[in-house]
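Residue-level listing of the chains:
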Amino acid sequence: MTPQAVREWVREARRIVVLTGAGMSAESGVPTFRDAQSGLWANFRPEELATEQAFRAHPSMVWEWYALRREMIAKVAPNAGHLAIAAFQQRHPGRLAVVTQNVDGLHQRAGSPGVLALHGNIADDRWLDAPRACCDAQAPEAGTPPRCATCGNLRRPAVVWFGEMLPAAELEAAGEAAARCELMLVVGTSGLVYPAAGLARSTRGRVVIVNPGATDLDDAADALLAGTAAALLPLLLDEERNP
Ligand SMILES: [Zn+2]
């Protein structure tokens with residue numbers, strides 16, 4: 001299958017889902033979990049830091065580690081793939097939904113509306129425990145998470161930690177979008193990580209895999225396009241561009 005044939009599918013589809021994984025952000029140079037494991041952090045594994053248990057035991061330490069990761073991610077920018085998706089959404093409101101496993105927030109920064117971020121967004125915080133009437137975040141001392149001065153409830157990074165469930169509302173909305181779409185582009189994911197595989201296998205729409213190498217979902221695909229998100233998505237989604 002050629003990119004030209006897939007462009008035709010894009011043109012025909014009234015509802016499109018783009019499901020993205022780590023490879024989506026590869027050309028943006030997003031640092032991985034492991035890249036933050038240097039210096040002070042070299043002796044920790046992410047599995048020891050990105051958990052509720054670790055945050056409750058050592059909130060300042062985990063907060064500082066996230067501050068470093070946030071700083072690293074703030075320095076990178078959306079790539080041509082993120083921008084092609086957002087531009088398509090602006091030209092065709094309501095026609096394309098983004099479902100992502102990435103926490104880097106690059107789809108949102110590119111201008112994509114209503115991104116279903118299944119693992120959260122590293123730029124956001126939320127309350128650690130269900131907020132009470134008193135809960136109001138106070139400006140933190142440097143290196144500590146904001147907290148409620150009355151009950152001590154803490155703000156935590158709004159990402160899904162090891163051992164946690166995915167957010168139910170986003171998961172349900174992603175399932176509905178997958179069930180209803182006529183075309184799903186699966187971009188930069190190995191297909192091994194739940195729930196990408198389930199979403200791609202549950203759709204009755206056409207499935208197109210965009211990835212430099214083979215994935216675990218290739219058997220479910222109507223077309224395989226070998227290449228990166230930044231190279232291929234502008235070609236598939238930009239109607240003005242000559243293939
Ligand atoms: Zn409170």
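Everything numeric here is computed off the predicted structure, so don't read it as measured data.

What counts and how
Residues numbered from 1 in each chain as written. Predicted model: local features only at pLDDT ≥ 70, side-chain atom pairs only at ≥ 80, totals over all residues. Heavy atoms only, no water. Core = buried A, V, L, I, M, F, W, Y, C linked by side-chain atoms within 4.5 Å. Buried < 20%, exposed > 50% of the residue type's maximum accessible area, 1.4 Å probe, protein only. Helix = DSSP H or I, 4+ residues; strand = E, 2+ residues; numbered from the N terminus. Contact = heavy atoms within 4.5 Å. Donors = N, O, S within 2.8 Å, 3.2 Å for Na, K, Ca; no water. Tetrahedral: all angles 85-135°; square planar, octahedral: opposite > 155°, others 65-115°. Pairing = 2+ DSSP bridges. Phe/Tyr/Trp six-rings, centres within 6.5 Å; stacked < 30°, edge-to-face > 60°. Lys NZ or Arg CZ within 6 Å of the ring centre and 35° of its normal. Expected span 1.5 Å × (residues − 1).

S.K.: Kindly report on the nonpolar core, identifying the contributing residues and their values.
M.R.: Core analysis: the largest hydrophobic core is formed by 26 residues, its most contacted members being Val-6, Leu-185, Val-208, Leu-233 and Leu-237. Elements with a minimum of two residues in this core: α1 (3-12), β1 (16-20), α5 (80-91), β2 (96-100), β8 (183-187), β9 (206-211), β10 (223-226) and α9 (229-237). Per-element accounting of this core gives the leading share, 6 residues, to α9. In contact with Leu-237, other than residues within four places in its own chain, are Val-10, Ala-84, Ile-85, Phe-88, Arg-91, Leu-96 and Leu-185.

S.K.: Just give me the short version of the coordination of the zinc ion, but keep the residues and values in it.
M.R.: Ideal values for angles at a metal depend on the geometry: 109.5 degrees with four tetrahedral donors, 90 or 180 degrees with six octahedral donors. Each protein donor to the zinc ion is listed here as Cys-134 (SG), Cys-135 (SG), Cys-148 (SG) and Cys-151 (SG); together their distances run 2.3 to 2.5 Å. Here the zinc ion is ringed by 4 donor atoms whose angles at the metal span 96 to 117°, and the overall shape comes out tetrahedral. Along the chain, the residues that donate to the zinc ion are spaced as C-C-x12-C-x2-C. Taken as a pair, Cys-134 in the loop between β4 (120-127) and β5 (137-138) and Cys-151 in the loop between β6 (147-148) and β7 (155-159) lie far apart in primary sequence, 17 residues in all. Owing to a relative accessible area of 28%, Cys-134 belongs among the partly exposed residues under this scheme.

S.K.: Hey, could you go over the pairing of β2 for me, with residue numbers and the actual values?
M.R.: Counting buried positions over the 5 residues of β2 gives 4, a clear majority of the element. The pairing of β1 with β2 spans 5 bridges and is parallel. Looking at β2, one finds that Leu-19 is bridged to Val-99. Here β2 runs beside strand β3 (residues 116-117); their pairing, made up of 2 bridges, is parallel. Note that in β3 the partner of Val-99 across the bridge is Leu-116.

S.K.: Quick one: what's the story with the packing of aromatic side chains, residue by residue and with numbers?
M.R.: Following the criterion strictly, the structure yields 4 aromatic pairs and no others. Each ring, one from Trp-65 and one from Tyr-66, has its centre 5.1 Å from the other, and the planes form 80°; the classification is edge-to-face. A ring pair is formed by Tyr-66 and Trp-161, whose centres lie 6.3 Å apart and whose planes are at 45°; its orientation type is tilted. Taken together, the positions of Tyr-66 in helix α4 (residues 59-74) and Trp-161 in the loop between β7 and α7 (168-180) put the pair 95 residues apart, joining distant regions of the chain. Taking the relative accessible area as the measure of exposure, Trp-161 reaches 2% and is therefore buried. Grouping aromatic residues by their ring pairs yields a cluster made of Phe-55, Trp-65, Tyr-66 and Trp-161. Between Arg-70 and the ring centre of Trp-63, over which it is positioned, the NZ or CZ distance is 5.1 Å. Of note, Arg-155 hangs over the ring of Trp-127, and the distance from its end group to the ring centre comes to 4.9 Å.

S.K.: Give me the lowdown on α5, citing residues and values where you can.
M.R.: Helix length check: α5, at 12 residues, gives a terminal C-alpha distance of 16 Å against a target of 16 Å (1.5 Å per residue), a fit within 8%. Among all positions of α5, only Gly-81, His-82, Ala-84, Ile-85, Ala-86, Phe-88 and Gln-89 are buried. Buried-residue contacts for α5 involve α1, β1, β2, α6 (106-110) and α9.

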